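Now for the letters of each chain:
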Amino acid sequence: MDLIKNHYGAVKYERSERWLKAEEYLFYFPPLRFNRFLLFPAALLIQLSVGSLYAWSGYNLPIEAYIYGRNGGVDRNISTNVFYVAVGVFGLTAALLGPWLERRGPMLGCLVGALFFYAGNLLAGLGVYTQHIELVIFGYGIIGGIGLGIAYIAPVSPLQKWFPEARGIAAGVAVCGFGGGSIIAPYSQKFLIGVNYHKTGEVGIVGVPLTFVILGSIYFVAMTLSALVLRMPPPGYSVKGITIDTIKGAESFQGKQPMIVAVGKTDEDKTAAEETTALEKAPVEDVEGTANGNFDVNIFSMTLAESLSSSEYWLTWFMFLGAQITGLLIISKIQSIIQNQFKRDADTAALINSLLGGANLLGRLVLPLLSDVLPHVSGGVAGRKSIFLFSLVTQAVCLSFLPLTIDDQRFGGFLACAFIIAFCYGGGFGVIPAFLADQFGAKNVGATHGIILMAWASGAVVGGLVFTEVLKKQQVKFAPNIVPIYDLNFRWILGLVLMGFVLCIFIHTNLRDRRMPHVEGEVLRIRFINGRMIRFYRTGKIQMLSKHEEDVEWSDYLRTIGH
């Protein structure tokens, strides 16, 4: 138990003065200087490599044909389990090694991840060659999954720390390549394996086993070279007064004395305001404690343990599960649905899979950027939480229409829903690191982000197994008609999406909502769309506070923590 507490306790990355000096240079020695913007192309290459996971559906039919023999291209729903295992191990690894990554640095983390992912690809190729699906599952699913989990979070954490003033776009660029992996990988797979190998047995360039070796080698080189660029900011690094400790809403308190603003119109309110000092900047060394009445420079910062034990974190965890499970399960079966339900050829399926990856990538860029812009254009009323609410509602609508598009063979309608879901799916991954940095501080994002990915992984393992089992039973029920076999799966997934929407409503993102003490009898509080606080009481009473009432309570609270 102590080992777990220590592992998820305070995280601190320590470097020697000599190493800090070396990190000023791109390759750790003169003459090329390091620039924080170089992290973007490095992150892109890493994520393009590990993002090849999303092209796994292109392996399903060829692997089954190689190991079990050709059957006309019908999906046996066996190789899909490799994808679900890989995603499960991916999430578990990210959750377990997030704190380790924060302590040891992103370069080492990425190098370890590259090595495991490479080994996983080699073992998967060997498993196919020897016709042992168990070795494919162990190699790509477990060993490769470990590498995916470490390598995925490696560039995310430093980018959140180097770009605290633009957390949304930094997160989006950090993970956009993961969606882009499914744009490039399907074509390289088909080219190397053979477009119609699963139907005719005609080999492309090298066949199934060596495809894992060749692509795995390319990914390993790209990830290893990119890892050398990754590094954490030096101690004391800040941009526009925002540090790795700063949480959303606390920027104005960074390194300042307590501020009580005059919010009332009465003489009593004005007197209370005058009795406190207003926004006087103080040197950092003068605000290291609160004994003299000053705010600590990190008065609102949270430790990793505080973050992981908060209700906001676990509401976010389950909300993220609801927001991501739809895209996850559809991406894993998209090529099979196109070929089996809509009777399109393998080339069309590969093209759609790539376009879906483009929608995924676009979502990872557009929605995080929008999450940075929204607070400024809405006066702080909308933000990253609004993005998740939009995503969940949109996916719920699409899920309601998907069964109809398949049953009525409306290919265009199906693609529209699939592309929208992929866009929202990618956007969720792009926004979540910045959302976590806002809520719990960038210093904890490696660990908080790693554990939040367990929600996605749970959706893959548990949701994937349920999805496959339901699919098999529906195949038996509707045989020989395979068109409506996905309908039931779409319905239970819709329930999870709606659950995520409800939970998202109750995630507090406003600093006042999170820190201001509850009044007597209060059981719940939320923010209305106009930005006003609404309180719910045990007696059934519902109260919407005026801005003046809220400001007075906030000032009283600041006064108490300033003494």
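Residues numbered from 1 in each chain as written. Predicted model: local features only at pLDDT ≥ 70, side-chain atom pairs only at ≥ 80, totals over all residues. Heavy atoms only, no water.

The name recorded for the protein in an unreviewed UniProt entry is Major facilitator superfamily (MFS) profile domain-containing protein, from Polyrhizophydium stewartii. Turning to the protein, the UniProt annotation filed under Subcellular location (unreviewed entry) states: "Membrane". As its UniProt record puts it under Sequence similarities (unreviewed entry), the protein is described as follows: "Belongs to the major facilitator superfamily. Monocarboxylate porter (TC 2.A.1.13) family." (UniProt positions renumbered as here; feature names shortened; annotations may be inferred.)

Caption draft 1: Inspection of a nonpolar patch on the surface at higher detail. Taken together, the side chains of Leu-369, Leu-370, Val-373 and Val-377 define a hydrophobic patch exposed on the protein surface, amounting to about 340 Å² of accessible area. Within the secondary structure, Val-373 is located in helix H14 (residues 346-377). Looking at Val-373, the relative accessible area reads 37%, which means it is partly exposed. (Patch = residues over 30% accessible without salt bridge, like charges linked within 9 Å, V, L, I, M, F, W, Y side chains within 5 Å. Areas by Shrake-Rupley, 256 points an atom, 1.4 Å probe, with all protein chains shown as cover. Salt bridge = Lys/Arg side-chain N within 4 Å of Asp/Glu carboxyl O. Helix = DSSP H or I, 4+ residues; strand = E, 2+ residues; numbered from the N terminus. Buried < 20%, exposed > 50% of the residue type's maximum accessible area, 1.4 Å probe, protein only.)

Caption draft 2: Structural detail: the pairing of strand S2 (residues 533-537). Burial runs high along S2: four of the five residues are buried. Pairing of strand S1 (residues 522-527) with S2 involves five bridges; the strand directions are antiparallel. The residue bridging Leu-524 from the neighbouring strand is Phe-536, located in S2. Between S1 and S2, which follow one another and run antiparallel, lie five residues, and Gly-531 among them has a positive phi close to 90°. One ladder, built from three bridges, connects S2 with strand S3 (residues 542-544); its direction is antiparallel. Note on S3: the bridge partner recorded for Phe-536 is Ile-542. Connecting S2 to the antiparallel partner S3 that follows it, the hairpin turn spans four residues, and Gly-540 within it adopts a positive phi of roughly 95°. (Pairing = 2+ DSSP bridges.)

Caption draft 3: Representation of the packing of helix H7 (residues 133-162) against helix H8 (residues 167-193). At a closest axis distance of 9 Å, the pairing of H7 and H8 adopts a crossing angle of 160°. Relative to H8, the element H7 is oriented roughly antiparallel. Of the two elements, H7 crosses H8, and the hand of that crossing is right-handed. Here H7 contributes Tyr-152, Pro-155, Val-156, Leu-159 and Gln-160 to the contact with H8, which in turn contributes Arg-167, Ala-170, Ala-171, Ala-174, Val-175 and Phe-178. Taken together, the residues of the contact of H7 with H8 break down into nine nonpolar, one polar and one charged. (Axes fitted to C-alpha atoms, helices over the stretch in contact; angles between N-to-C directions. Parallel < 35°, antiparallel > 145°, perpendicular 65-115°, else oblique. Left-handed = near helix turned anticlockwise from the far one by under 90°. Contact = heavy atoms within 4.5 Å. Nonpolar A, V, L, I, M, F, W, Y, C, P; charged D, E, K, R; others polar.)

Caption draft 4: Representation of the side chain of His-508 in the model. Its location among the elements puts His-508 in the loop between helix H18 (487-505) and helix H19 (511-515). In this structure the side chain of His-508 is engaged in a polar contact, spanning 3.5 Å, whose partner is the backbone oxygen of Arg-525. When neighbours within four sequence positions are excluded, His-508 is seen to be in contact with Glu-312, Gln-439, Asp-513, Arg-514 and Arg-525. (Polar contact = N/O pair within 3.5 Å; in protein donor to acceptor, adjacent residues only side chain to side chain.)

Caption draft 5: Broad picture of the packing of helix H16 (residues 411-440) against helix H17 (residues 445-478). In the contact formed by H16 and H17, the axes pass within 9 Å of each other and the chain directions differ by 145°. For the pair H16 and H17, the crossing hand works out as right-handed. Within the contact between the two elements, H16 uses Tyr-425, Phe-429, Ile-432, Pro-433, Leu-436 and Ala-437 and H17 uses Val-445, Thr-448, His-449, Ile-452, Leu-453 and Trp-456. Classifying every residue of the contact of H16 with H17 by side-chain character gives 10 nonpolar, two polar and no charged.

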